[in-house]
Amino acid sequence: MQAICVHNFGGPEVMRLEEMPSLQPGSGQVVVRVKAAGVNPVDTYIRAGLYAAPPFPFTPGFDAAGEVEELGPGVSRVAVGQKVYTAGTLSGAYAQQTLCEEAQVHPLPLGISWAQGASLGIPYGIAYRALFQRARALPGETVLVHGASGGVGTAAIQLARAAGLRVIGTGGTPRGRELAAQQGAHQVLDHHAPAYMEEVLKLTGGRGVEIILEMLANVNLGKDLKVLAPGGRVVVIGSRGPVEIDPRDALSREGAILGALIFGATPQEYAGIHAALTAGLENGTLRPVIGRELPLAEAPKAHQKVLEPGAYGKIILVP
Ligand code: NAP
């Protein structure tokens, strides 16, 4: 089988498509024939050596969708031939086959494409965790999805709308803002416009928002705290450097700054996330948006694109 292999840390060019031995499942493990793999920013940080990585050579990627090919002893939740998505894998998702623990494999509901299945694990997982497990979002609250045009942002809009929240989204391009509106954001703002955070206050009658899901905290956290309603929560999902804040902004509102990390979910929380996502896929409220599909060999291009401005849903690799 073919897989993207990384033999040393570096730029996107260190990822090469290579012939690898077929995977064999051990006890409690599942081999999935990959039909689509999701590209996440964290894959680029790991490839570059900025985050903990598996031993070399490794295959990047956490999210895939495909058919169960082989089961190890003791697996009972899925069957050979079943359509599934993965949220985490043992061997990497950028490949024709991936090896998973049974708990990392989830049935893919009818009507969800392979590409959509490969968009779920990290983006929908963290959007759910940030909204409901960290911020404890309630119907009727207002959430600012600060970075609503990408994989996590579009997931967050759909999840928040399905739960009865009011959603203000931001995007950096007209196309990205149109996407956020199509996904259900009630109002959409341009996060490059000079006075857009004042608009957030105007849209909430001066009160501010109860929840902010923050995709780029190193740019926005200081501004976020100034548009938080009393008792509001900022959830930091993404950040690419340090930032200066005025702690009085949190103090005066009794606001909270919370971190959210998909890899921080306990097994029970993780099971809860995927039970909720399955329900949303089945009832039609969750529909991942695919911006671009590339052949597996173009993983280097996918890693360039996922870090460029002008996000539009998910980038997917097709083996
Ligand atoms: P993505 O698809 O590349 O989307 C990036 C988003 O950030 C886009 O909506 C982009 O908007 C927005 N953005 C760019 N500049 C911004 C600004 N100045 N203010 C607000 N938003 C801005 O990436 P993703 O998969 O959605 O991930 C988003 C972030 O969350 C990344 O940093 C990623 O590493 C992180 N993340 C963290 C976890 C976790 O476990 N904590 C899990 C998944 C992702 P435009 O392109 O329209 O400007």
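1. Some thoughts on a nonpolar patch on the surface
On the surface, Val243, Ile245 and Ile257 cluster together into a nonpolar patch covering about 200 Å² of accessible area. The residue Val243 is located in the loop between β12 (228-236) and α8 (247-253) in this model.

2. A word on helix α5 (residues 174-182)
What sets the pattern is the α-helix's 3.6 residues per turn: residues three or four places apart point alike. All of the buried residues in α5 are Gly176, Arg177, Leu179 and Ala180. Along α5, the residues classed as buried sweep out an arc of 155 degrees about the axis, all on the same side. Of the exposed residues in α5, the ones pointing more than 90 degrees away from its buried face are Pro174, Glu178 and Gln182. Those residues of α5 that are buried are in contact with α4 (151-162), β9 (166-171) and β10 (187-190). Positioned one or two residues after α5, Gly184 has a phi angle of 120 degrees, which is positive.

3. Quick notes on the site of the ligand
Around the ligand, 28 residues are found, and the nearest of them are Tyr45, Ser149, His191, Ala260 and Ala311. Between the ligand and Tyr45 there is a distance of 2.6 Å, counted from an oxygen atom to a side-chain nitrogen or oxygen. The contact in question runs from an oxygen atom of the ligand to an N or O atom on the backbone of Ile262, over 2.8 Å. When the ligand is considered free in solution it has 910 Å² of accessible area, and contact with the protein chains removes 89% of it. Put simply, the ligand lies in the largest pocket. Looking at the shell around the ligand, the elements that each hand over two or more residues are α1 (41-47), α3 (120-134) and α4. Looking at which domains feed residues into the shell around the ligand, each of domain 1 (2-119 + 288-318) and domain 2 (123-263) supplies at least three.

4. Observations regarding the layout of surface pockets
Roughly 1,400 Å³ of internal volume is contained in the largest pocket. Sorting the residues of the lining of the largest pocket by element identifies α1, α3, α4, α7 (217-225), β14 (290-295), α10 (299-306) and β15 (314-318) as the ones contributing at least two each. For the lining of the largest pocket, the per-class residue count stands at 25 nonpolar, 18 polar and seven charged. A domain-level breakdown of the lining of the largest pocket finds at least three residues from each of domain 1 (2-119 + 288-318) and domain 2 (123-263). Counted as a void, the second largest pocket has a volume near 260 Å³. Lining the second largest pocket are 18 residues, with Pro54, Phe58, Thr59, Ser91 and Gly92 sitting closest to its centre. Residues of the lining of the second largest pocket, tallied by class, amount to 12 nonpolar, five polar and one charged.

5. Describing the packing of α3 against helix α9 (residues 267-282)
At their nearest, the axes of α3 and α9 sit 10 Å apart, and the two run at 105 degrees to each other. Between α3 and α9, the crossing angle belongs to the class labelled roughly perpendicular. Across the interface between the two elements, Leu120, Gly121, Tyr124, Gly125, Tyr128, Arg129 and Gln133 from α3 touch Glu269, Ile273, His274, Ala276, Leu277 and Leu281 from α9. In terms of residue class, the contact of α3 with α9 is made up of seven nonpolar, four polar and two charged.

6. So, the domain arrangement of the protein chain
In terms of domain boundaries, the protein chain breaks down into domain 1 (2-119 + 288-318) and domain 2 (123-263). Placing a centre on the C-alpha atoms of domain 1 and another on those of domain 2 gives a separation of 28 Å. For the pairing of domain 1 and domain 2, the buried interface totals around 1,100 Å² over both sides, and the portion due to carbon and sulfur atoms is 61%. Together, Val289, Ala311 and Tyr312 form the three largest contributors to the area buried by domain 1 at its contact with domain 2, with a combined 40%. There are zero salt bridges connecting domain 1 and domain 2. At the boundary of domain 1 and domain 2, one finds two residue pairs in polar contact (both at pLDDT 80 or more). Counted by class, the side of domain 1 that touches domain 2 contains nine nonpolar, four polar and two charged residues.

The rules we used
- Position labels on residues start from 1 in each chain and follow its written sequence.
- Only residues with pLDDT of 70 or above have their local features reported here, since the model is predicted, and side-chain atom pairs are shown and tallied only from 80 upward, although totals for entire chains, interfaces and linings are computed over all residues.
- Water and hydrogen atoms play no part in the side-chain values, which are based on all heavy atoms of the structure.
- Patches here are clusters of residues that have more than 30% relative accessible area and form no salt bridge, with a 9 Å joining cutoff for like charges and a 5 Å cutoff for nonpolar side chains (Val, Leu, Ile, Met, Phe, Trp, Tyr).
- With residues, only the protein chains shown are counted as cover, and all accessible areas are computed by Shrake-Rupley using a 1.4 Å probe.
- Within this document, salt bridges are pairs made up of a side-chain nitrogen of Lys or Arg and a carboxyl oxygen of Asp or Glu, the two lying within 4 Å of each other.
- Labels follow the DSSP assignment, with helices taken as runs of H or I lasting at least four residues and strands as runs of E lasting at least two, numbered in each case from the N terminus.
- Per-residue accessibility, obtained with a 1.4 Å probe over protein chains only, is compared with the maximum for each type, and a residue is labelled buried under 20%, exposed over 50%, and partly exposed between these values.
- Taken from the helix axis, the directions to the C-beta atoms give the arc we talk about.
- Between two residues, a contact is recorded if the distance between any of their heavy atoms is within 4.5 Å.
- We call a residue near a molecule or strand when any one of its heavy atoms sits within 4 Å of it.
- Polar contact is the term for a pair of N or O atoms within 3.5 Å; when the atoms are in protein, one must be able to donate a hydrogen and the other to accept it, and sequence-neighboring residues count only if both atoms are side-chain atoms.
- Of the grid points, spaced at 1 Å and generated over the protein atoms alone, those admitting a 1.4 Å probe that cannot get out make up cavities, while open sets with protein on both sides within 12 Å along at least five of seven lines make up pockets; any residue with an atom within 4 Å of a point is treated as lining.
- If over half the atoms of a molecule are within 2 Å of the grid points of a cavity or pocket, the molecule is regarded as sitting in it.
- Domain delimitation in this document rests on an assignment produced automatically or drawn from a domain database.
- Grid points are joined across faces, edges and corners, and a volume is the space filled by probe spheres set on the points.
- Side-chain classes are defined by residue name, with Ala, Val, Leu, Ile, Met, Phe, Trp, Tyr, Cys and Pro counting as nonpolar, Asp, Glu, Lys and Arg as charged, and the others, Gly among them, as polar.
- Orientation is described by axes fitted as lines to C-alpha atoms, over the contacting stretch for helices, and by angles from 0 to 180 degrees between their N-to-C directions.
- Relative orientations are named as follows: roughly parallel for angles under 35 degrees, roughly antiparallel for angles over 145 degrees, roughly perpendicular for angles from 65 to 115 degrees, and oblique for any other angle.
- By buried area we mean the combined loss of accessible area, with a 1.4 Å probe, across both parts when two parts are placed together.

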